[in-house]
Amino acid sequence: MAINRIGVLTSGGDCAGLNAVIRAVTKRAIAEYGWEVYGINDGSHGLLDRPPRYQELTLPDFTGTVLRMGGTILGSVNSGDPFDFPMSDGSRQDRSQEIINGYDQLGLDALIAIGGDGSLAILRKLAQQGGWNLVGVPKTIDNDVDLTENAVGYLTAVDVATEALDRLQPTAASHNRVMILEVMGRDHGHIAINAGIAGGADVILIPEIPYDLDSLCAKLDDIRRSEGRTFALVVVAEGVKPDNDYVETGIGQYLCDRLSEKAGAECRVTVLGHTQRGGVPTPRDRLFGSAFGVHAVDLIAAGKFDRMVAWSSRDCIDVPLADVVGHSQPVDPNGAVVRTARGLGICLGD
Ligand code: F6P
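Residues numbered from 1 in each chain as written. Predicted model: local features only at pLDDT ≥ 70, side-chain atom pairs only at ≥ 80, totals over all residues. Heavy atoms only, no water.

## Considering the side chain of serine 44
Then, number 1: Within the fold, serine 44 resides in the loop between strand S2 (36-40) and strand S3 (54-57).
Then, number 2: A relative accessible area of 8% means that serine 44 is categorised as buried.
Then, number 3: Filtering out sequence-adjacent residues up to four positions away, serine 44 remains in contact with Leu9, Pro82, Ile99 and Leu126. (Helix = DSSP H or I, 4+ residues; strand = E, 2+ residues; numbered from the N terminus. Buried < 20%, exposed > 50% of the residue type's maximum accessible area, 1.4 Å probe, protein only. Contact = heavy atoms within 4.5 Å.)

## As for the site of the ligand
Then, number 1: Taken together, Asn78, Ile141, Asp142, Met184, Gly185, Arg186, Glu238, His274 and Arg277 make up the full set of residues near the ligand.
Then, number 2: At 2.9 Å from an oxygen atom of the ligand is found a side-chain nitrogen or oxygen belonging to asparagine 78.
Then, number 3: Here an oxygen atom of the ligand sits 3.4 Å away from a polar atom, N or O, in the main chain of glycine 185.
Then, number 4: Here the ligand loses 74% of its free accessible area of 400 Å² to cover by the protein chains.
Then, number 5: For the shell around the ligand, the per-class residue count stands at two nonpolar, three polar and four charged. (Near = heavy atom within 4 Å. Polar contact = N/O pair within 3.5 Å; in protein donor to acceptor, adjacent residues only side chain to side chain. Areas by Shrake-Rupley, 256 points an atom, 1.4 Å probe, with all protein chains shown as cover. Nonpolar A, V, L, I, M, F, W, Y, C, P; charged D, E, K, R; others polar.)

## A short note on the sheet that holds strand S7 (residues 134-138)
Then, number 1: The strand order across the open sheet formed by seven strands is S3-S2-S1-S6-S7-S12-S13, and the pairing between neighbours is mixed. Of all strands in the sheet, those with a lone pairing partner are S3 and strand S13 (315-320), marking the two edges. Pairwise comparison of adjacent strand axes, ignoring direction, gives a mean angle of 25° for this sheet.
Then, number 2: Summarising the sheet, strand S12 (residues 307-312) and S13 pair through six bridges and their orientation is antiparallel. Bridged to valine 309 within S13 is aspartate 318.
Then, number 3: Lying on the sheet, helix H1 (residues 18-33) is in contact with strand S1 (5-10), S2, S3, strand S6 (110-115) and S7; it crosses S1 at an angle near 175°. (Pairing = 2+ DSSP bridges. Axes fitted to C-alpha atoms, helices over the stretch in contact; angles between N-to-C directions.)

## Things to note about the pattern of salt bridges
Then, number 1: By the definition in use, this model includes 21 salt bridges.
Then, number 2: Here arginine 277 ties to aspartate 14 by a salt bridge, and the two come within 2.9 Å at their closest N and O atoms. Placement of the pair is arginine 277 in the loop between strand S11 (267-271) and helix H8 (283-301) and aspartate 14 in the loop between S1 and H1, with a sequence separation of 263 residues.
Then, number 3: Overall, aspartate 14 belongs to the partly exposed group, its relative accessible area being 24%.
Then, number 4: Arginine 28 is the salt-bridge partner of aspartate 298, the closest N and O atoms lying 2.8 Å from each other. Taken together, the positions of aspartate 298 in helix H8 and arginine 28 in helix H1 put the pair 270 residues apart, joining distant regions of the chain.
Then, number 5: On the basis of relative accessible area, arginine 28 is assigned to the partly exposed category, the value being 26%. (Salt bridge = Lys/Arg side-chain N within 4 Å of Asp/Glu carboxyl O.)

This is how it looks when you write it as structure tokens:
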């Protein structure tokens, strides 16, 4: 089919590198294929409003600044499933057909959706219902989208978390304290274990490996005995569940309280939160974002839809969206990263 106009949107939690994707999509679509590019505002919610909210993207929009910017120039949402939309009166409604009508009003021939596994699943459902030509681009600081080695935004988040450890280590040493760094990772511990290794952590806790508080206390004792130091760095992913499965505070504060009590250590906690999502994208996130954007446009030109671009073995490839949605990619407990952590003597809590 002839393509004249494509849409692009960002969906789910923002991250660094999204603008690199939007820029690459626009450049490739206009310069190589002569298409029009509509950037849809606030994910699929831009298609709910009447008139639909969008901005036409042109080459002068990308003269240099946007590539370097965190966030997304299009806006994003990570709530309000259109199939189960929360209404102001407290009821829930299926508003998927309104979104499909909004898409039709814009006269789009294809859509590039930049999202994590949750967003991509919803957008694929919309595409099936509306007969859209959809291509997905993986993004999430959690790096848990399946079938790609990297999602946009992840490496910037690892950078932020590693820098935090670089800043915590000297103050831990100066005051003989146990510094606990809680990083993001709702379900999986990719940021925690990668930043933890890079930042010289003594303990790294991830949702994929159940922990025991006694192991942490034993590790702190061991550091005292073998290295003569009474300070330590602990990294914990926010998705780690406490040993009693109940926590009123975040897991970082919970560990801080329990370790102070049980190991007699002076502990402090830092919760990095959304600092991991914002900021200037690292070169690799700009590179992945650019490669994904170009490849997504080329897929549309080739008439290949219902696919997601992905990174694998130093190459930009594409995989069926059907194989991506509905599951995620945890840290492999037997993989190279975990083996490296264990090889360094890092306590993983087990
Ligand atoms: O999925 C990305 C992510 O940053 C998670 O790591 C985190 O749990 C969640 O989003 C935070 O979402 P929100 O921005 O709604 O607080």
